[in-house]
Amino acid sequence: TMTIHSEEHIVDVHVRSGVYSSDTIFDYTHGYIATRLFSRNACFIMKIKKEIIPDLREIGRLAFERETMRDVYSPNNVWVQFYTGSSRLGNFRDWILYGKYIENLCTGLPLYE
């Protein structure tokens, strides 16, 4: 499921698929995306690159398009691959940088950038 909070510039994406379940926050105000993978008990954070990641209006349009026209091909799919190296727990400076929504999602989990 996807929830778009236009006034807060936040998109929540919840994937419920057994071992592949995850929650993702797109925080357009702070410019970061965080994905919490439940099977790994970890949070992966990346900077929003405007040339790759759709803006808030576009992501809403793509979600509507996909929901209403499931067989329409969209060239705007983005795949991200994270390499697990060293992780760390978030600290006060991280949460100022990433914002309260990502803090709520990732507090207490190892962070991978």
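Because the structure is predicted, anything quoted here is derived from the model rather than measured.

## Comments concerning the pairing of strand β1 (residues 2–5)
The sheet contact formed by β1 and strand β2 (residues 10–15) spans four bridges and is antiparallel. Bridge assignment links threonine 3 to a residue of β2, and that residue is aspartate 12. The turn linking β1 back onto β2 is made up of four residues, and histidine 9 within it adopts a positive phi angle of 60°.

## Digging into the state of the cysteines
Within this structure, the stated rule accounts for one disulfide. A disulfide bridge connects cysteine 43 with cysteine 106, and the sulfur atoms are separated by 1.9 Å. Residues cysteine 43 and cysteine 106 share a disulfide whose torsion about the S-S bond is about -60°; that sign makes it left-handed. Of this pair, cysteine 43 sits in strand β5 (residues 42–47) while cysteine 106 is found in helix α3 (residues 100–106), placing the two residues 63 residues apart along the sequence.

## What to know about the nonpolar core
Counting twelve residues, the largest nonpolar core consists of Ile10, Ile25, Tyr32, Ala34, Cys43, Ile45, Trp95, Tyr98, Ile102, Leu105, Cys106 and Leu111. By residue number, the principal contributor to this core is α3, which donates three residues. Ignoring anything within four residues of it in the chain, the contact list for cysteine 106 reads Ala34, Cys43, Trp95 and Leu111. Counting residues in hydrophobic clusters, the runner-up holds ten residues, among them Val13, Phe26, Ile48 and Leu56.

## Observations regarding the environment of serine 39
Its location among the elements puts serine 39 in the loop between β4 (32–37) and β5. For the pair serine 39 and serine 21, spaced 18 residues apart in sequence, the C-alpha separation works out to 7.2 Å.

## Structural notes on the packing of aromatic side chains
Going through the model one piece at a time under the given rule, you end up with four aromatic pairs. On the basis of an interplanar angle of 65° and a centroid distance of 6.5 Å, the ring pair of tryptophan 95 and tyrosine 98 is categorised as edge-to-face. Linking tryptophan 95 with tyrosine 98, this pair stays in helix α2 (residues 92–98), spanning three residues, or about one helical turn. Comparing tryptophan 95 with tyrosine 98 shows no difference in burial state: the two are buried. One aromatic cluster is present, formed by Tyr32, Trp95 and Tyr98 through successive ring pairs.

Calculation notes
- Residues numbered from 1 in each chain as written.
- Predicted model: local features only at pLDDT ≥ 70, side-chain atom pairs only at ≥ 80, totals over all residues.
- Heavy atoms only, no water.
- Pairing = 2+ DSSP bridges.
- Helix = DSSP H or I, 4+ residues; strand = E, 2+ residues; numbered from the N terminus.
- Disulfide = S-S within 2.5 Å.
- Core = buried A, V, L, I, M, F, W, Y, C linked by side-chain atoms within 4.5 Å.
- Buried < 20%, exposed > 50% of the residue type's maximum accessible area, 1.4 Å probe, protein only.
- Contact = heavy atoms within 4.5 Å.
- Phe/Tyr/Trp six-rings, centres within 6.5 Å; stacked < 30°, edge-to-face > 60°.

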